[in-house]
Structures are given as structure tokens and as C-alpha cells.
Amino acid sequence: MSEVKLTAATRSEFGKGAARRIRRENKVPGVLYGHGSDPLHLTLPGHELLLALRTPNVLISLDIDGKTNELAIPKSVQRDPIKGFLEHVDLLLVKRGEKVTVEIPVQTEGELAPGGNLLEHVLNALPVEAEATHIPEAVTVSVEGLEAGASIHAKDITLPSGVTLAVEEDAVVLQVLAAQAEEAVEGEETEGAEEVAEV
């Protein structure tokens, strides 16, 4: 679990105009909330935040106005749909030792059984409960030799120590689908080709 240090400043200006001004300075408006405290409106460094968010569920150590240090995890990130830059981020305040519920990416390794079968990710991310400072970046599942019709449930996935499922044990995470058989009859295909040639 990586921890990234960012310097943040509290902000008192709100609304679209203020947000645009902040983004022009290569910064990102954000809100820090949690533990029953009032939401804290922040300005965060754009480039550093963008790099930090490449890690799912990254733990962010915030130096706020040079006065307080807080730990937070990203809860909601808004990006420009066309250009992809960060528009706003919601951060959840966490404490060391506290359990939080997050979704971690599911990665696969190995090859399916021969036959052109398809692997379907029913859940792209697995909901788990973990200590805020020990959130795994991902879980890796072996699909080596799985046949069509096989499925992997949440309870089949080995989780790191201290991490528990936050979803039904029987929830299907991955399943193997049979390759779709070609339905077209060869004779019909030839006939269509001849018609095209005549035109």
C-alpha cells in the first residue's frame, strides 16, 4: 500500500468561476469529509494528484495549510469527459488502524482451456474491508485451464491477511463462456457471394 504526500490549502471561494480559476493554476478543487466533521474544502496540486490517483485506493497524506496532517483515500473523482483532466475530487478522512470498505481491481493470470472460450469479468472490482493503511492494490486470480461454464466466486479468491470480503461469498466474480458457434450455413454464404459478384 503506497502512501503519497500532498500539500493542500483550504479554500473559501466556491462555485464554477472559483473552480475554473483553481484549474487554470493547474490545481484541483476537492472536499475532505468523514468522521462526522464538517467537510473541508481544499485546493490540491493537479499533477501530483493525477499521479497519485493512478494507484487504486491510494492513501494520501495531506499537509493542510502547513498546520495539520490528515490521511485520506479518494472516494469520488470527476474528470473532464473529453480532455480527461481532473475537475474535482472527494476524499474520505481515515485514521491508522481504521477499517474501510473499498473496491480493489481483479487481475487474472494464466490461460483458459483450449477452444476459444471467453472470460467474462462479472465484477471488475472486488468490494472488501481492509485497514485504511493496508489496502491491497489488487487481487490476482488464476484462470489456468478453466473450461466453459466454470466460474470463480468471491469466496474462492485468496485475500491478504486482515482483508475480508464486503460482498456475498457466492457472488460470481469471473465466469468462462463458451465460444459462439458459427451459425451460417456454408451454402448460403457462397450464394450471397455470387449475388454480389453479379451486381
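Residues numbered from 1 in each chain as written. Predicted model: local features only at pLDDT ≥ 70, side-chain atom pairs only at ≥ 80, totals over all residues. Heavy atoms only, no water.

Tallied over the entire structure, the rule returns three salt bridges. The salt bridge partner of E3 is R96, with a shortest N-O separation of 3.4 Å. Linking E3 in strand 1 (residues 3–10) with R96 in the loop between strand 6 (86–94) and strand 7 (99–109), this pair joins segments that are 93 residues apart in sequence. Under the relative-accessibility criterion, E3 is labelled partly exposed at 34%. (Salt bridge = Lys/Arg side-chain N within 4 Å of Asp/Glu carboxyl O. Helix = DSSP H or I, 4+ residues; strand = E, 2+ residues; numbered from the N terminus. Buried < 20%, exposed > 50% of the residue type's maximum accessible area, 1.4 Å probe, protein only.)

Spatially, the four strands line up as an open sheet ordered 10-7-9-12, and their pairing is mixed. Pairing within the sheet leaves two strands with one partner each, and these edge strands are strand 10 (139–142) and strand 12 (164–165). Bridge count between strand 7 and strand 10: four bridges; the pairing is parallel. From the neighbouring strand, T108 faces strand 10, where its bridge partner is V141. (Pairing = 2+ DSSP bridges.)

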